[in-house]
Amino acid sequence: MISKKYFDNVGLGSILEKVLAGDRLSIEDGHTLYDCADLTALGALASIVRRRLHGNKTFYVLNRHINYTNICINGCKFCAYARERGEEGSFQLSKEDILEKLRSAPVTPREIHVVGGCHPDIPLSFFEDTFTAIKKEFPQATLKCFTAVEIAHLAKIDGISTIETLERLRAVGVEMLPGGGAEIFDPETRNKICPKKIDGDSWLKIHGEAHSLGYTTNCTMLFGHVETIENRLDHLDQLRKQQDATGGFNCFIPLPFLTENSKLKIDNPLTGIDELKTIAISRLMLDNIPHIKAYWVMLTVKQAQVALHYGADDFDGTVVEEKIGHMAGATSEQVLGRKELEEMIIGCGFTPVERDAAFNEIS
């Protein structure tokens, strides 16, 4: 471990003391971490927390992503995935399309991750019917379905509350919510990048409702666009406050903004250093959320491997087919096999551990 004197010299001595004591870091501490130019020191601090929680383990899952449509009414300015109905490149999967994608997966998935656009008229009943069929054919798989934005949209289409929507989905086997749609909670920033989406308070409310019904959920932050460091730290603080109130967040996924195919143009795209710094700071600030994901689809595999030394403990999984990040410009592979995942984790000096969707270890 780097010496206490080293941390003192780079201005992180008091934060090291808090980390070793398990004390919560303040927003001011977060600014100090972002201001620090010594990436090695940040990684060392994040690794202390990561190893305290998970030792040398790095988790992965045999999962299958299903993006059921890219037809969406929201028109977010950063999104390269969404299309209008009838527009070239738009698509909408049927129930049979979805089942066939699952049947043709290279391995039987333990986790089925379903997200898509906010289609103007797909009713909740379509998904109830589809998920019932999925659970009948793939009873061993956990259904992780719909961002909070999609939940609010489905509730609006059916004229019901978001908690009733969650109850109906729970009744057909959905157990988890993914963390998408959080973007950045700051209202001014959100209005610039996704003005038609539900606001940050509504996103947090829906996850709190899900937690009250027994769901576990993930949470995210899209960073590297028009937000400030203050916005990032406020976002992390709101997530941990929600976790204090309702529990239920299982994993945090920091999502780097991919600029290649986005209509949202920015002057200073993310650097690899900023990605790693944000992952490390997320691990340090989110003291009550157990897992940090290195989402290789959007980070690239090589950067995700490095992120394991900067606080991340989960390498996601096989994925198989992912459209949202790749339509935005992701250059990663579409699928990784179990052997590849394990070799990548071992190559970084960690012990690969297969998990289910709830992070229960698979022996």
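Structural data are supplied above this passage.
Residues numbered from 1 in each chain as written. Predicted model: local features only at pLDDT ≥ 70, side-chain atom pairs only at ≥ 80, totals over all residues. Heavy atoms only, no water.

*Asks:* Lay out helix H2 (residues 13-21) in plain terms, naming residues and giving numbers.
*Replies:* Among the residues making up H2, those that are buried are Gly 13, Ile 15, Leu 16 and Val 19. Mapping the buried residues of H2 onto a view down its axis gives an arc of 155°, with all of them on the same face. Of the surrounding elements, those touching the buried residues of H2 are helix H1 (4-9), helix H3 (27-35), helix H4 (39-54) and helix H12 (272-285). Looking one or two residues past H2, Gly 22 carries a phi angle of roughly 75°, positive in sign. (Buried < 20%, exposed > 50% of the residue type's maximum accessible area, 1.4 Å probe, protein only. Helix = DSSP H or I, 4+ residues; strand = E, 2+ residues; numbered from the N terminus. Arc of directions from axis to C-beta. Contact = heavy atoms within 4.5 Å.)

*Asks:* Could you give an account of the packing of aromatic side chains, naming the residues involved and the relevant values?
*Replies:* For any pair of aromatic rings, geometry is given as the distance between the ring centres together with the angle between the planes. All chains considered together, the criterion is met by ten aromatic pairs. Between Tyr 68 and Phe 146, the aromatic rings sit 6.0 Å apart at their centres with planes inclined by 85°, giving edge-to-face as the arrangement. One end of the pair, Tyr 68, is in the loop between strand E2 (63-67) and helix H5 (95-103); the other, Phe 146, is in the loop between strand E4 (142-145) and helix H7 (148-158), with 78 residues separating them in the sequence. Across the pair, Phe 146 and Tyr 68 agree in class, each one buried. Summarising the aromatic geometry, the rings of Phe 127 and Phe 131 are spaced 6.0 Å apart at their centres and angled 35° between planes, so their arrangement reads as tilted. With Phe 127 and Phe 131 both in helix H6 (residues 124-137), this residue pair falls four residues apart, about one helical turn. Pair check on accessibility: Phe 127 and Phe 131 agree, each one buried. In textbook terms, an aromatic cluster arises when at least three aromatic residues are bridged by ring pairs, as seen for Tyr 68, Phe 126, Phe 127, Phe 131 and Phe 146. Above the plane of the ring of Tyr 215 lies Arg 170, whose end atom (NZ or CZ) is 5.1 Å from the centre. (Phe/Tyr/Trp six-rings, centres within 6.5 Å; stacked < 30°, edge-to-face > 60°. Lys NZ or Arg CZ within 6 Å of the ring centre and 35° of its normal.)

*Asks:* Tell me about the sheet that holds strand E7 (residues 249-256), and please be specific about residues and values.
*Replies:* If you trace the seven strands from one edge of the open sheet to the other, you get E2-E3-E4-E5-E6-E7-E8, paired in parallel fashion. Two strands lie at the open edges of the sheet, namely E2 and strand E8 (291-292), each paired on one side alone. Both strand E5 (residues 174-177) and strand E6 (residues 216-223) contribute to a ladder of two bridges, which runs parallel. In the strand pairing of E6, Met 176 is matched with Thr 216. (Pairing = 2+ DSSP bridges.)

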